[in-house]
Amino acid sequence: MKIIGIPLDIRPYNYDFLLSLAEMDSRVALSLPARESLGFKKRPADRAALDAFLYREAADADALIISLDMYLYGGLFPSRIHTTCLDDLLTRLESVRHLKSQYPELRIYASSLVLRAPAYNSSEEEPDYYATWGQAIFNVGYLENKRQRRGLTDEEQARLASCQQAIPDGVMDDWLSRRDKNRRVIKAAIDMVAEGVLERLVIPLDDTAEYGFAASDQLLIYRWIADACVQARVHVHPGTDESGCTLLTRAYLDQRGAPFAIATLCSGEDFFHVIPNYEDRPFRYSLRSHAAACGITLSDAETNIPVLAINGCGEVMQEAAETSYGFNVHSGTRITPFKNVTYYTRRSLADFVTRLTVRSADVPVVVADLAFSNGGETELIDLLDHEGALDRIQGYAGWNTTCNSLGTALATLAFASCGDCPSAVKRFLQERLMSDWAWQTEVRFSVQCEFVAARGATYADFDAIADEVFAEIPVRLKEVWGKHIRRGFGGNIPDIIHLSAPFRRLSGLSIKLASEEKK
């Protein structure tokens, strides 16, 4: 089967992950545009190059997976700062309809994000004014939405009025105008699902919360979905950077034409009721939506079907950096490393590892390590290694938000179970362990807060010492791997053959490992 794709951007989880998944099945040919055509951070993609790619590749393709944020705006970050008029955006969206009319057998799977509103001051990914007014803008959206749905206390009402008065009119006008365009594009995409132009539409919610601008937008979006009667083909859920994996999995399973059912195994049943960090609903609802979007059926069967092994948190979810390095990602300050006691009282990690190890002897098992935000759990890795499970599981994901990792894990489970290239499965497993756990949890913040800072550089500004940084990181990664993974993979530490920072910052590193055949 030939699948072509327009990814969200060039970061590894949006670009490389797709290639790694496709490599797990020799019957899949995946074609993506050249990286250099896809823009860089806030610089938008070459739209003419994207059109040329589509019309060059579509003639003999079975399916297209397309990020509308890339195709319409030029990428994720450009979607947050663009000044394109609505008519131009909708005209460009019509190009997708034209492509379908030319190639009616082409099945098109799309994603279109709800514009986010992060709860902090930073313009790294948002408009310049967000560096000053970001927190206030978030507060306005959060409190306005809460006022409409539940009411506010006198203190909250006063805070809302204070924020509204403080934000310059031009700032809020720009913010609301872009959100309106975003909603109208999503409405048009929903209509294209109803018309049969799009097979599926995934609408991810990036960095969202129970209340806020995104929650308010959802009321309209769900109404449009219901009016179009496409509830079964449009999926709205927390996430973003996993959406390409989700679309690829859906296209892959649809082309296979056979049902794919999985069972779940969790380290603590309470986790299904937790609202994870940066998300707006209990985990159980996100699990159902992500599985449905992928084309995966959740089953209660205990045997003979692949297993998604979910390592959840206790009563509250922490950042991985808090437990390993003692770093508060919100304040940027060092703290004493700690793990909330409910990580022990509300789950049974040892029993979880024992059960998944037993299941892995008979069926494919992929671990979704969702205990923390922004990194995996070292105690889990230690137990998996001790039980000899790292050689038996088929995949691992634990790299960012809960749903980012969940979507990656579901996609991995589908391709690892149905594909025919075990060496590609093993390589992706090891790369995820090296990146999601070893880098994110154990190495990143010591490099960022000590090695980089001591040289006068920062998380997103280290070009002057890049050679030093990229020489130091592999040393530390191998040291951590060797300390914690002693039994798995024959006790061998994988060779790191490529290390880069596609967006020139210390999150989202691209880490490539040598395959077994090349050793």
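Since we're looking at a predicted model, the values are computed, not measured.

Scoring rules and cut-offs
- Each chain has its residues counted from 1, running along the sequence as written.
- Restriction of local features to residues with pLDDT of at least 70 applies here, the model being predicted, together with a cutoff of 80 or more for giving and counting side-chain atom pairs; totals for whole chains, interfaces and linings are based on all residues.
- For the side-chain quantities, the full set of heavy atoms in the structure was used; hydrogens and water were omitted.
- Any pair of Phe, Tyr and Trp rings, taking the six-membered ring for Trp, is counted once the centres come within 6.5 Å. Such a pair is stacked with planes under 30 degrees apart, edge-to-face with planes over 60 apart, and tilted for the rest.
- Elements are defined by DSSP. Helices are runs of H or I of four residues or more, strands are runs of E of two residues or more, and each kind is numbered from the N terminus.
- Note on exposure labels: buried denotes an accessible area under 20% of the residue type's maximum, exposed denotes more than 50%, and partly exposed covers the range between, all computed with a 1.4 Å probe on protein chains only.
- Here a cavity denotes grid points, spaced 1 Å and computed from the protein atoms alone, that fit a 1.4 Å probe unable to get out, and a pocket denotes an open set having protein on both sides within 12 Å along at least 5 of 7 lines; residues with an atom within 4 Å of a point are the lining.
- Grid points are joined across faces, edges and corners, and a volume is the space filled by probe spheres set on the points.
- Classes in brief: Ala, Val, Leu, Ile, Met, Phe, Trp, Tyr, Cys and Pro nonpolar; Asp, Glu, Lys and Arg charged; the others, Gly included, polar.
- Strands are treated as partners if at least two bridges between them are detected by DSSP.
- Between the N-to-C directions of two axes lies an angle of 0 to 180 degrees, each axis being a line fitted to C-alpha atoms and, for a helix, fitted only over the stretch in contact.
- The contact definition used throughout considers only heavy atoms, calling two residues in contact when any of these lie within 4.5 Å.

A. Inspection of the packing of aromatic side chains at higher detail. If you walk through the whole model with that rule in mind, you get 17 aromatic pairs. Ring centres of Y130 and W175 lie 5.3 Å apart, and the angle between their planes is 40°; on these two criteria the pair is classed as tilted. Of the two residues, Y130 sits in helix 6 (residues 130–149) while W175 sits in helix 8 (residues 169–194), which places them 45 residues apart along the sequence. Taken as a pair, Y130 and W175 share a single burial class, namely buried. For the ring pair F271 and F283, a centre distance of 4.6 Å and an interplane angle of 35° mean the geometry is tilted. Of this pair, F271 sits in the loop between strand 7 (261–266) and helix 11 (283–294) while F283 sits in helix 11; the two residues are twelve residues apart in sequence, bridging distant segments of the chain.

B. Region of interest: the layout of surface pockets. One number sums up the size of the largest pocket: a volume of about 1300 Å³. Surrounding the largest pocket, 48 residues form its lining, Y120, E125, N374, R444 and Y459 being those nearest its centre. When residues of the lining of the largest pocket are traced back to their parent elements, those giving at least two are helix 12 (320–324) and helix 17 (422–452). Here the lining of the largest pocket gets eight residues from one element, more than from any other, and that element is helix 17. Class assignment for the residues of the lining of the largest pocket results in 17 nonpolar, 16 polar and 15 charged. Quantified by volume, the second largest pocket comes out at close to 400 Å³. Along the wall of the second largest pocket there are 17 residues; nearest its centre are T264, L265, E269, F272 and D300. Sorting the residues of the lining of the second largest pocket by element identifies strand 7, helix 11 and helix 14 (349–359) as the ones contributing at least two each. Element by element, the count of residues in the lining of the second largest pocket is highest for strand 7, at four residues.

C. Geometry of the sheet that holds strand 1 (residues 2–6). In spatial order, the strands read 2-1-3-4-5-6; together these six strands make up an open sheet with parallel pairing. The sheet terminates laterally at strand 2 (29–31) and strand 6 (234–238), the two strands that pair on one side only. Each neighbouring strand pair of the sheet contributes to a mean axis angle of 15°, computed without reference to strand direction. Where strand 1 and strand 3 (residues 63–67) come together, four bridges link them in parallel fashion. Residue I6 lies in a different strand from strand 3, and its bridge partner there is I66. Contacting strand 1, strand 2 and strand 3, helix 2 (residues 47–57) crosses the sheet at an angle of about 170° to strand 1. Seen against the sheet, helix 9 (residues 213–228) touches strand 5 (200–205) and strand 6 and runs at an angle of roughly 160° to strand 6.

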